[in-house]
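# A structural walkthrough
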Amino acid sequence: MRREIKTAVFPVGGMGTRFLPATKAIPKEMLPVVDKPLIQYAVEEAKAAGVENFVFVTGRYKSALEDHFDHAFELERGLEERQKHHQLDLAHSTLLKPGQAAFTRQQMALGLGHAVLCARHLVGDEPFAVILPDDMILDDVLCLVQMVRAYSEVGGNMVAVAEVPGEHTDRYGILDGDPRAGALIPVRGLVEKPRPEEAPSRLALIGRYILQPQVFEHLARQEPGAGGEIQLTDAMAKLIGRQPFHGFRFSGRRFDCGDKAGYLEANIAYALECEAMREPVRAFLKRYR
Ligand code: G1P
């Protein structure tokens, strides 16, 4: 029996410098897209995929993330007294069941691979998912749900991929594999942020992963790679040939919310999905043509 994905890791320790000064006192994962912070979309996607354990790898000045998934006692009491039931439901909608959330700190910003390694003992000897909340994917079937379905067929390790413009390969982990394969692309290699002339393809890793626990053994020994950081991509590359490893071409529109224009576009796209906002947003957009 293939073990189900019950744990998801959210690396949320980053400083969010690209959004300063907005992120001076709040974590970038608390920036809202329409009315929910990025982290909540990520958690809801994991829940939809069947995840029951949520591991947040945070850092200093990130306590708002922890508070977001807890009761806000005074706020809730006030809403109760004023019989604001709808708002109370919204405040409660972020709560995770007792014991479902674990928070650990990445003490030093040593890279994504190091952040995932920090979750090792909270994940244990189980396959797990990693979600990078900056990458939002809009689709009726959420990306991790699509991946878990594919994983139930092929097992092993899986990374979400999407084609990016050739000149952008140095922003992503890039997969070496046949782009003509179907939705599941057998992985021949993985390279972190290659220059366009060295990139084996234009298939970029987008922030959704399903990984086997053996990746931790490689992460623990991983030397710094691109940008002087301990890269998840480099540790994953060591699993190729030892375990099944696929790129998964997901359906849906992807927004890079680590980038200001991408973040703004996500806000518009998600607002247009929301019935109450669709018309007013369409109306004002006309004024910017
Ligand atoms: C990270 C990963 C990279 C991946 C990207 C997706 O890079 O290291 O492989 O393609 O996320 O968003 P970062 O954006 O943290 O530099």
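Let me sum up the structure you'll find in this document. Counting restarts for each chain, with residues numbered from 1 along the sequence as it is written. The model is predicted, so local features are restricted to residues of pLDDT at least 70 and side-chain atom pairs to those at 80 or more, both for listing and for counting; the totals for chains, interfaces and linings are taken over all residues. Side-chain calculation: all heavy atoms of the structure are included, whereas hydrogens and water are not.

## Section: the overall build of the chain
- Put simply, DSSP H or I for four residues or longer makes a helix, DSSP E for two residues or longer makes a strand, and each gets a number counted from the N terminus. A tally of regular secondary structure across the chain gives 11 helices and 14 strands.
- A radius of gyration in this sense is built from C-alpha atoms; the matching globule rule multiplies 2.2 Å by the number of residues raised to 0.38. Whereas a compact globule of 289 residues would reach a radius of gyration of roughly 19 Å, the chain reaches 19 Å, a difference of no more than 12%.
- Dimensions of the chain, computed from the C-alpha atoms along their principal axes, are close to 60 × 50 × 40 Å.
- With 289 residues in all, the chain has 47% of them scored as buried.
- Any two residues whose heavy atoms approach within 4.5 Å at even a single point are treated as in contact. Partitioning the contacts of the chain with sequence separation of at least 6, the portion at a separation of at least 24 is 76%. For every residue, the accessible area obtained with a 1.4 Å probe (protein chains only) is divided by the maximum for its type, and the residue is called buried under 20%, exposed over 50%, and partly exposed between those limits.

## Comments concerning the packing of aromatic side chains
- We call Phe, Tyr and Trp rings a pair once their centres come within 6.5 Å, taking the six-membered ring for Trp, and we label the pair stacked below 30 degrees between planes, edge-to-face above 60, and tilted otherwise. Summed over all chains, the structure comprises 9 aromatic pairs.
- Between Phe10 and Phe56, the ring centres sit 5.1 Å apart and the planes meet at 20°, which makes this aromatic pair stacked. With a gap of 46 residues between them, Phe10 in strand 1 (residues 7-11) and Phe56 in strand 4 (residues 53-58) connect regions that are remote in the sequence. Like Phe56, Phe10 is buried.
- With centroids separated by 6.1 Å and ring planes inclined at 65°, the aromatic side chains of Phe255 and Tyr270 adopt a geometry described as edge-to-face. One end of the pair, Phe255, is in strand 14 (residues 253-256); the other, Tyr270, is in helix 10 (residues 260-273), and 15 residues separate them in sequence. Just as Phe255 is buried, Tyr270 falls in that class too.

## Here's the deal with unusual backbone geometry
- Of note, the bond from Leu20 into Pro21 is cis; its omega dihedral lies within 30 degrees of zero at 5°.
- Mapped onto the elements of the fold, Pro21 is located in the loop between strand 1 and strand 2 (32-33).
- The phi dihedral of Val34 falls on the positive side, at around 60°, and the residue is not glycine.
- Tracing the sequence through the fold places Val34 in the loop between strand 2 and strand 3 (36-37).
- Unlike most non-glycine residues, Gln83 shows phi in positive territory, near 55°.

## Looking at the site of the ligand
- By convention in these notes, a residue is near a molecule or strand provided one of its non-hydrogen atoms lies within 4 Å of it. Around the ligand, the surrounding shell consists of Leu112, Leu132, Asp135, Tyr172, Gly173, Glu192, Lys193, Leu205, Gln231 and Thr233.
- Note that an oxygen atom of the ligand is positioned 2.8 Å from one of the side-chain N or O atoms of Asp135.
- For the purposes of these results, a polar contact is taken to be a pair of N or O atoms within 3.5 Å, where, inside protein, one atom must be able to donate a hydrogen and its partner to accept one; residues adjacent in sequence count only when each atom of the pair is a side-chain atom. Note that an oxygen atom of the ligand is positioned 2.6 Å from one of the backbone N or O atoms of Leu205.
- When residues are sorted by character, Ala, Val, Leu, Ile, Met, Phe, Trp, Tyr, Cys and Pro go into the nonpolar class, Asp, Glu, Lys and Arg into the charged class, and all the rest, Gly among them, into the polar class. Split into classes, the residues belonging to the shell around the ligand amount to 4 nonpolar, 3 polar and 3 charged.

## Digging into the packing of helix 10 against helix 11 (residues 275-285)
- Every axis corresponds to a line fitted to the C-alpha atoms, with the helix fit spanning only the stretch in contact, and the corresponding angles, defined between N-to-C directions, vary from 0 to 180 degrees. The interhelical angle for the contact between helix 10 and helix 11, taken along N-to-C directions, is 130°, at an axis separation of 6 Å. It follows from the interaxial angle that helix 10 and helix 11 lie oblique. Between helix 10 and helix 11, the contacting residues are Ile268, Ala271, Leu272 and Glu273 on the first element and Glu275, Met277, Arg278, Val281, Arg282 and Leu285 on the second.
- In the contact of helix 10 with helix 11, the residues fall into 6 nonpolar, no polar and 4 charged. In these notes the angle categories are as follows: under 35 degrees is roughly parallel, over 145 is roughly antiparallel, 65 to 115 is roughly perpendicular, and the rest is oblique.

## Some words on the environment of Leu211
- By the secondary structure assignment, Leu211 is in strand 12 (residues 203-211).
- With a relative accessible area of 0%, Leu211 lands in the buried category.
- Each C-alpha atom, one on Leu211 and one on Pro127, is 5.6 Å from the other, the two residues being 84 residues apart in sequence.
- Look past the residues within four positions of Leu211 in its chain and what remains in contact with it is Pro127, Phe128, Val130, Asn157, Leu232 and Met236.

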